[in-house]
Amino acid sequence: MKRLLSIELQKIWLSKSSRILTISYFVLLSFIALIASIKFNIGTFQLQIADQGIFNFPYIWHFNTYIAAILKFFLAIVIVSMMANEYSYGTLKQNLIDGMSKQEFVLSKFLTVILFSAISTLFIFVLSLILGYSFSAYKEFGIVFSDLDYLLAYFIKLVGFFSFCLFLGILVKRSAFAIGFLFVWNILESIVKGILNFKIFPEGETASNICQFFPLESMSNLIVEPFSRLSVIKNIQTSIGGAEKLKDYGVHFTSILIVVAWSAIFIFLSYKLLKKRDL
């Protein structure tokens, strides 16, 4: 496994575009810290984002993982390009000639997906600790390390999403088309979700119960938006006469299980597709 992972990391590092995208991704993750310096001047009223509690423990785990997940497309491009380059440069065929089995080839790609996801999760963990201890009003040990299940959800979300990208890279062979297919799939899911919600099942939870099994929707459900948890947002809703809605912000085992299942399906399909394809 170490050998397979080493081969993949060398390929990524030797590719200038992949190297730049990977470094850019982690640099952008660091920019979450800049949110603390954002200020809004509304007449004589000054609002600083950091003062609204976004970096308070344990809320910071929810906020940072949600924001960081938005940036996953940078690494998605790396994953897709990683497969496209195998076809473009003939390294896939050369690896197989050198004795690597197709099963080992797919395993090496999946190990890279796991590694990227783990490093990203560790990065967010450290960054959140630094920001939290710098700005949080609550620094008791029990509070600091509560709600760490958002980190697990973040890791699973990245593994699922990157596994999907890996499958698309093998399926389409061209990075631009694979990324395009990803956006088309996202649009199709949104259309089907809209039809189910507003046309077929306009009432009740039936539409949501069906949509939770869609690949991208299931990944999105792992970490729901955190902004409506902020007291400033709740105060605005109250001031304009909006009724406070009870919303479930937790990470659920069912959501994790669905994404894990999709990850396994994408890796299995990647292997089956590669096995049948004449290289």
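Just above sits the structure.
Residues numbered from 1 in each chain as written. Predicted model: local features only at pLDDT ≥ 70, side-chain atom pairs only at ≥ 80, totals over all residues. Heavy atoms only, no water.

Asker: What's the story with the environment of I12 in this structure? I'm lost.
Answerer: Positionally, I12 belongs in helix α1 (residues 2-14). Owing to a relative accessible area of 8%, I12 belongs among the buried residues under this scheme. Along the primary structure I12 and N85 are separated by 73 residues, whereas in three dimensions their C-alpha atoms are 9.7 Å apart. With residues near it in sequence (within four places) discarded, I12 still touches S18, R19, T22, V78, M82, T112 and F116. (Helix = DSSP H or I, 4+ residues; strand = E, 2+ residues; numbered from the N terminus. Buried < 20%, exposed > 50% of the residue type's maximum accessible area, 1.4 Å probe, protein only. Contact = heavy atoms within 4.5 Å.)

Asker: Got a minute to help me understand the nonpolar core in this structure?
Answerer: For soluble globular proteins, the rule of thumb is that nonpolar side chains tend to be buried together. Residues Y154 and F162 are the most contacted members of the largest nonpolar core, which totals 68 residues. The element best represented in this core is helix α8 (residues 149-172), accounting for 15 residues. Those residues in contact with Y154 that sit more than four places away from it in its chain are Y25, L29, T65, A68, A69, S120, T121, I124 and I223. (Core = buried A, V, L, I, M, F, W, Y, C linked by side-chain atoms within 4.5 Å.)

Asker: What's the story with the pattern of salt bridges in this structure? I'm lost.
Answerer: With the rule as written, the count across this model stands at seven salt bridges. One salt bridge in this structure joins R3 and E104, with 3.6 Å as the shortest N-O distance. Of this pair, R3 sits in helix α1 while E104 sits in helix α6 (residues 102-135), and the two are 101 residues apart along the sequence. Among the residues examined, R3 registers a relative accessible area of 48% and is labelled partly exposed. Residues E8 and K109 are paired through a salt bridge, measuring 2.6 Å at the closest nitrogen-oxygen approach. With E8 in helix α1 and K109 in helix α6, this pair connects stretches of sequence that are 101 residues apart. When salt bridges with common partners are traced through the structure, they connect E8, K11, E86 and K109 into a single cluster. (Salt bridge = Lys/Arg side-chain N within 4 Å of Asp/Glu carboxyl O.)

Asker: Help me understand the packing of α6 against helix α13 (residues 253-276) in this model?
Answerer: Angle between the axes and distance between the axes: these two values describe a pair of packed helices. Interhelical geometry of α6 versus α13 gives an angle of 145° and a closest axis separation of 10 Å. Viewed along their axes, α6 and α13 form a crossing whose handedness is right-handed. Here K102, Q103, F105, V106 and F110 of α6 lie close against α13, whose contacting residues are I267, S270, Y271, L274 and K275. Considered class by class, the residues forming the contact of α6 with α13 number six nonpolar, two polar and two charged. (Axes fitted to C-alpha atoms, helices over the stretch in contact; angles between N-to-C directions. Left-handed = near helix turned anticlockwise from the far one by under 90°. Nonpolar A, V, L, I, M, F, W, Y, C, P; charged D, E, K, R; others polar.)

Asker: Can you walk me through the environment of K72 in this structure?
Answerer: Position of K72 among the secondary structure elements: in helix α4 (residues 72-88). When the C-alpha atoms of K72 and S120 are compared, they prove to be 9.4 Å apart, with 48 residues separating the residues in sequence. What K72 contacts, discounting residues up to four positions off in sequence, is Y25, K157, L158, F161 and F162. In this structure the side chain of K72 is engaged in a polar contact, spanning 3.1 Å, whose partner is the backbone oxygen of A69. (Polar contact = N/O pair within 3.5 Å; in protein donor to acceptor, adjacent residues only side chain to side chain.)

Asker: It is not clear to me how the packing of α8 against helix α9 (residues 175-200) should be interpreted in this structure. Could you clarify?
Answerer: Two numbers describe how α8 lies on α9: the axes approach to 9 Å, and their chain directions differ by 125°. The angle between α8 and α9 falls in the class oblique. By crossing handedness, the relation of α8 to α9 is classed as right-handed. Every residue of α9 that contacts α8 at F161, F164, C165, L168, G169 and V172 is listed here: F177, A178, F181, L182 and W185. (Parallel < 35°, antiparallel > 145°, perpendicular 65-115°, else oblique.)

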